[in-house]
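Residues per chain, in single letters:
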Amino acid sequence: MRIWNCTIMIVLLGAAAAFCQGPNRDRGEGMYQVESSNTQGAGNSWLTMRAIGFLWASTPDSSSRPGMFPFFEVSSETGIYDFASVQVASRLLSYPWHHWPQFGNVSAAAKFTLPDNKELRFRGYGLDLKYTYNATENFASLGGYRVGGTGFTAEGYITQGSVFQFKFIHDMDFISKVSWLPLKAGINAGMRIPLNKEPDPKSRYFLNQYLFDAGISYVGLGFDVFAEYSLEAFNNFTGPIKIIGLGADTMPRRVMEVSFLENPMYATLGGRIRYNNGMELYLCVPFLLSQNVGSAMTSADNKLWNDSTQAFADEKARGINSAFDPWFAKWKIVAELKFPIKYRQTGSEMMRNFLLLKGTPRAKKFDLDEQLKKNGAQSDSLATGEKEKKNRLDEINKRREQIEKSE
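Because the structure is predicted, anything quoted here is derived from the model rather than measured. (Residues numbered from 1 in each chain as written. Predicted model: local features only at pLDDT ≥ 70, side-chain atom pairs only at ≥ 80, totals over all residues. Heavy atoms only, no water.)

Caption draft 1: Highlighting the sheet that holds strand β8 (residues 156–158). Ordered in space as β6-β7-β8, the three strands form an open sheet in which the pairing is antiparallel. Every other strand in the sheet has two partners, leaving β6 (146–147) and β8 as the edge strands with one partner each. When strand β7 (residues 150–153) meets β8, the two strands line up antiparallel, connected through three bridges. Across the sheet, the residue bridging to G151 is I158, located in β8. (Pairing = 2+ DSSP bridges. Helix = DSSP H or I, 4+ residues; strand = E, 2+ residues; numbered from the N terminus.)

Okay, here's the thing in structure tokens:
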């Protein structure tokens, strides 16, 4: 039975290669934050150039103006064997400071999966490991709450210096079970851990973050569309977490409180267009889902903090002395151009192309020669029928004349 399955697979792959190759596909591509469990094919290498822009919408009573911040990122991913790939990436342009752009970060990552991704598989499992060094020193922060390059940016919470991150990956590829259903669904869960030491032992500033991403994607022959949810949470699943600032001789420590709904969380809609030579054009738009809990960073709430002993009494009783709200970027625009540097089509993506081509309705072709031949055959058939009818009529008349003579 196994021999027959292998034989059928070889025949199908041969048919796909012989008749319709379809586009060159990146086996390891995911969505936006959702990583795929698949890795690159052995020796395959892809280059990605990404541009990110967002509007940091100010609160109505804030003096800060909304700003559009353009970023530029570049990355390259290469397959090692059939179960691993490595990636290097960098944010070349980060937050501007005094009208000058800053260098952002550099990162190195490795992704591992089970060796069964040579073929289409329904369930995939993977592990993604990533090291990032963030070189950004200055940025406009939420409420000015940052120390150097550590604090709350428009995109969320970042830590200057070294950061380690890992994600466990699980996804499902439905086309492997139902050939007419080209859907993928994925879930990632992991953690981001700053490797720097606290600058002040009494502060609580270099914080771990729990990462969760989930999404679903329609993976077509020439285009994909997807929707996903992403969350970067502090240890505040069961209750708010306190963020304690650095100490000073003349100023009290700032203490803020971040609730679960105030974690950076986004819903993202996007898609990509895929060309036969492997080049991809990609666009997605993340929308902010975070909601404020308790006091907000507004002039009205700041006045209440200072002038009223009754306002926000529950927060003050917990030692909070500064307001916080998720004043993150309300939306972003992410655009990518991706193309292969070195590529050899993998068996799984060749099979995907075959199944997608098989399910694509094809327009009925008009063959002029065949139509003329058909019309000619119909004409000959009509002519033959008329001739036979005339011959039968002549035969009837001839017999009638013979009968009349014999009488």
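Okay, back to it.
Caption draft 2: Representation of the environment of F83 in the model. Examined against the element boundaries, F83 turns out to sit in the loop between β2 (67–80) and β3 (84–93). Judged by its relative accessible area of 35%, F83 falls in the partly exposed class. As for F83 and G41, which are separated by 42 residues in sequence, their C-alpha atoms are 8.3 Å apart. Beyond its immediate stretch of four places on either side in the chain, F83 contacts T39, K111, F112, T113, L114 and P115. (Buried < 20%, exposed > 50% of the residue type's maximum accessible area, 1.4 Å probe, protein only. Contact = heavy atoms within 4.5 Å.)

Caption draft 3: Structural context of helix α4 (residues 347–358). Helix length check: α4 (twelve residues) gives 16 Å between terminal C-alpha atoms against 16 Å at 1.5 Å per residue, within 8%. Buried residues dominate α4, accounting for ten of its twelve residues. Here α4 has its buried residues at S348, E349, M350, M351, R352, N353, F354, L355, L356 and L357. (Expected span 1.5 Å × (residues − 1).)

Caption draft 4: Looking closely at the packing of aromatic side chains. Enumeration over the complete set of coordinates arrives at 19 aromatic pairs. Relative to F139, the ring of Y95 lies with its centre 6.0 Å away and its plane at 45 degrees, an arrangement referred to as tilted. Within this pair, whereas Y95 is found in the loop between β3 and β4 (105–113), its partner F139 is found in the loop between β5 (123–134) and β6, the two being separated by 44 residues in sequence. Like Y95, the residue F139 is buried in the burial classification. Aromatic pair F152 and F324: ring centres 5.0 Å apart, planes at 55 degrees, arrangement tilted. Placement of F152 in strand β7 and of F324 in the loop between α3 (313–317) and β17 (331–342) is noted, with a sequence separation of 172 residues between them. A relative accessible area of 2% means that F324 is categorised as buried. (Phe/Tyr/Trp six-rings, centres within 6.5 Å; stacked < 30°, edge-to-face > 60°.)

Caption draft 5: Fine view of the nonpolar core. Ranked by size, the top nonpolar core spans 39 residues in total, and within it L142 and F152 carry the most contacts. What L142 contacts, discounting residues up to four positions off in sequence, is W56, F152, T153, A154, M297, F324, D325, P326, W327 and F328. Judged by nonpolar contacts, the second largest core, of six residues, contains L120, M351, F354 and L355. (Core = buried A, V, L, I, M, F, W, Y, C linked by side-chain atoms within 4.5 Å.)

Caption draft 6: Broad picture of unusual backbone geometry. Unlike most non-glycine residues, H99 shows phi in positive territory, near 70 degrees. H99 sits in the exposed class, given a relative accessible area of 82%. The phi torsion at F312 lies on the positive side, around 55 degrees, for a residue other than glycine. On the secondary structure map, F312 appears in the loop between α2 (299–307) and α3. Classification of F312 by relative accessible area gives buried; the value is 19%.

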